[in-house]
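Secondary and tertiary structure notes
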Amino acid sequence: MCVAMVKLCGLACRVLLLLSALLAAAPGGVVQARGVVSGRAFDSFRLPNTTVPTHYTLRLDTDVHRGVFEYTGNVQIRINVVEATDQIVLHSLRNVITDLQLRNSAGLNVPVKNYEFDVEKEFLVVNVGTTLQPNSGTYTLEIDFTNSIDRNDQAGFYRSSYEDDQGVVRYLGLTQFESVDARTSFPCYDEPGIKTTYDIYIVCGIEYHARSNAPLRGIQLLSGGKKLSTFATTPRMQTYLVAWLVSDFVYEREVLTQPQLAVASWAKPSSAHQLSYSVDASTRFMRAMEAYFGQQYSMSKIDNVAIKDSDYSAGAMENWGLVTYRESAIFYEPEQGEQRQVGVVTIVGHEFTHQFFGNLLAPKWWSYLWLNEGFARLYQYYLGDISHPELNLRQRFISGPLQTALRADSSLTVRPMTYYIDTRQGISRLFDSIAYDKSACVLRMMNYALGERTFQKGLRYYVQQNKDRGVVEESNLFDSIEQAAKEDAVLPITLSMHDIFRSWSNQPGVPVVTVRRDGDEFLFTQQRFVGDEPPAEPFTNAWWIPISFSTPSNTVYETLPAFWMPPNVSEVAYTIETDEGETVTFNPRSTGYYRVEYEEPMLREMVQQLNKDHTAFQAPARARLLDDTLSIALARGTNYDAVLQLMSYLQKETEYVPWMVASDNLRHMQTMLRTNDEASRLLQAFVAKMASPLLEKLGTDSGLGESATVQELRTIAIELACSASESCKKDAQSAVDALSRSEKRYHNTVDSALLCQGLQQVNVGQRKAMAEEISHALAAKNENDIFAKQYLEQSLGCIGTDKTLVQSYGKYLFGLSEADRSEALHRLLVKSKVPLEEVLQSVDSELSQRSSSIYHATVPKVLLEVARYVTEPAGMQLLNSLTTAHAPSIAAEVEQQLQSNRRWLDRNAEPLVDALTRYFNA
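Here we summarise the structure given alongside this text. For every chain, the first residue of the written sequence is number 1, and numbering continues from 1 along that sequence. Where local features are concerned, this predicted model is filtered to residues with pLDDT of at least 70; where side-chain atom pairs are given and counted, the filter is 80 or more; whole-chain, interface and lining totals use all residues. Only hydrogens and water are set aside when side-chain values are computed; all heavy atoms of the structure are taken into account.

Here we look at the sheet that holds strand S13 (residues 226-231)
Only strands that DSSP links by at least two bridges are regarded as paired with each other. Secondary structure counts use DSSP, requiring at least four H or I residues in a row for a helix and at least two E residues in a row for a strand, with both numbered from the N terminus. Strand order in the open sheet made by the 7 strands is S4-S7-S2-S1-S10-S13-S12, with mixed pairing throughout. Looking at strand neighbours, the two that pair on one side only are strand S4 (96-103) and strand S12 (216-222), the edges of this open sheet. Between one strand axis and the next, the sheet turns through 15 degrees on average, direction left out of account. Summarising the sheet, strand S2 (residues 68-81) and strand S7 (residues 139-148) pair through 10 bridges and their orientation is antiparallel. Opposite Ile 77, over in S7, you have Leu 141 as the bridge partner. Fitting a line to C-alpha atoms yields each axis, with helices limited to the stretch in contact; the angle taken between N-to-C directions then spans 0 to 180 degrees.

Some remarks on the state of the cysteines
Note on disulfides: each one is a pair of cysteine sulfur atoms within 2.5 Å. In the structure shown here, the tally under the stated rule is 2 disulfides. Across the disulfide, Cys 722 is cross-linked to Cys 728 (sulfur-sulfur distance 2.0 Å). What sets the handedness of the Cys 722 and Cys 728 disulfide is the S-S torsion sign, and at about -110 degrees it is left-handed. Burial classes: relative accessible area under 20% of the type maximum marks a residue as buried, over 50% as exposed, and values in between as partly exposed (1.4 Å probe, protein chains only). For Cys 722, a relative accessible area of 0% translates into the label buried. Cys 728 sits in the buried class, given a relative accessible area of 1%. Disulfide pairing is shown between Cys 756 and Cys 798; the S-S distance is 1.9 Å.

What about the pattern of salt bridges?
As a working rule, side chains carrying opposite charge can pair if their charged atoms are close by. Basic side-chain nitrogens of Lys or Arg form a salt bridge, by our definition, when they fall within 4 Å of a carboxyl oxygen of Asp or Glu. One pass over the structure, following the stated rule, counts 57 salt bridges. A salt bridge links Glu 390 to Arg 284; the nearest nitrogen and oxygen atoms lie 3.4 Å apart. In this pair, Glu 390 sits in the loop between helix H6 (384-387) and helix H7 (394-408) while Arg 284 sits in helix H2 (residues 276-293), placing the two residues 106 residues apart along the sequence. The class for Glu 390 is partly exposed, based on a relative accessible area of 37%. Take Arg 284: its relative accessible area is 28%, and that puts it in the partly exposed class. Here Arg 622 ties to Glu 655 by a salt bridge, and the two come within 3.5 Å at their closest N and O atoms. In this pair, Arg 622 sits in helix H14 (residues 619-636) while Glu 655 sits in the loop between helix H15 (640-647) and helix H16 (656-673), placing the two residues 33 residues apart along the sequence. When salt bridges with common partners are traced through the structure, they connect Glu 122, Arg 151, Asp 153, Asp 181, Arg 183, Asp 190 and Arg 424 into a single cluster.

As structure tokens, then:
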């Protein structure tokens, strides 16, 4: 379309005439033809940075309102020369350049020989006809380009859609630039440590809105039924945070005062009624965050935008001032209760924390991604607990991020927190549990080891000392925390925060601290813990570990360190005076990021105490003892009699954190033993015996206004013990019978667990009928029934091989979020006993039929998730072949996981069967 191809000119007067005077203008310019790659070799995927940008002016002309997906753009980049050069090197991919000019500070053209593309590095190389000198004033690089939002990788500037009330498809354009896709939408210096300001102008249909990072400054009506939206200058920010939205969405807004801040949530018109809670959660969290860190949010508005789940694989993105989410992440209606509130508050809290940690303070390079994600993961819980105390979010950290990190960090091949890589694929892989969960655990450990007041003070220093420059590396954080620690005298004078923190950020793995007792003297050693057989060559890893403990009569050091255990010391002795009969627990509040292994007499004493009166230990201590003892036993294939005696106390357990941690471990064991019939039968009998008292206590009915923790406890009880309860099986059958006639739009995890149990107990014929029923129900749901559809989709994992009557396994798995995919795999492979080879063949078929770009970011995650379930040679061979074909970069990691699985079975299956047999025969 001719309108879509209009060249956006670079001068202010040309903006005013955007669609009238220039409709017939032909783009002129210095460069008449696109250059070709000349074979120039750059030694790195990093920009040479001989020039740096100081400001962008970006103009976009869109026709998405008419269903036209091509757009034209003009970017003017003011640059300074840092080193003498005859090249300007920046990033560009997918942009078709129609004109390129370079001007000096006087506005005069500087001759340009040509421009070239380094395809591998994704560089745009502008070869200048003269040598540009430092301190020679500011240059302006102006580029006209065309591009398209008709892409299927859900990255860059791309399209989404929805159906309105009349069934008409309405299109929208949105952005997802992190980590390296700003360059796919406009030419730019696309690195995280390069920050500057932006002026953004967007042309769209008159009935559509344009939103961007900064507040809207003005709207100008244009000819042809279009308008130009002009936005205020942004704060200095990196390219991956640049964002815009072109849509006909509606919003709900609340304007705060002192200082003024407009908080809005945007969605398609039919979903407007589901936005109120996200606005309220946002305002409460923002004010709590500003108060906690002593820093005001830097703009006068912040928007939340809800995008259709199937069009937004990123989940959520912290774009400065324009945060995007899946619809299912932030929609809420009162009938959904507290479980959904927890979800909304934590996801909003995560992205809002980024407004300081990641946006205001940007990582110098992706090596320091954990400085973004670790803070966001920690404070979505810890600040969420302040803004929404009714949700009790802090306790969820132990059963969530801490549990996830400990499992991930027990791998032999895991990376450290600070880890350098510079390729597109490598950078994408950095967004893992180490960046998010382990980093959050280490930050949380320091929070408790120094005391929250001192750690908070250090973070305030970190923000204030670095916000003007706006780019940080780990040493900046260590400097600020050390300053606060020294001022408050909470760190021994001989210790350095740099040494302490680097022992955690610069080496992989998690330590296990072994404790033995000699009277009142306790002796400690440390080594790296792995959930597999250790290598022949001993580990050299060692950490500064804050050792905390408690006794019934001494809780002074239950979070504060009694001492810092130094690295590279064979053994440390510490005296703890105890009264007769007192038990000492270490890391009792699960505040330290380390495991504890007690010598056999100490463990035996604790097991006896737990079974006598488990309330003698706090819930986090019970969770830690369960997880550490079982994880150590599984890593070594020994001590299962003691483990089963320890876990027997669960028959008395009624609290959230211990049961969540126990459930995580039991599910892992069910996964690994599922192909061993005898082991699976014995384990299920044990699990049901442990969880049956909890199921009997809680029942299967959710009460009105019930807390999220109670609902999740009931869910665990149903999942683990329903098969052994006649009343529960009857309720599960009722859930199946009610599926077709249910008018209920919102379902919690209890509903889902009951339905899944019911689907597994029906006969083959009924299961086929249910598959057809679910298929028809899904087809009947419209886009507004996202939670009802989610409930039905989750149930597909529970109908076994009949699931393929509705949808292939591959398509099903790739369409889920990470959290839902993990649960779906467990239901498919463990509960429904779907043959693993069928799932792998389906994944292979889906990848072979669809363009790889659709799933480019998801493929490695799916294959690595599936690898955790593969224990037999046939499955191993099939997965290795699939990985080689579709994700060769993770082949070594997949192979390591497969070998680890085999070794797990070899050392654990037989001893577990023997121990369980003795347990039931005792």
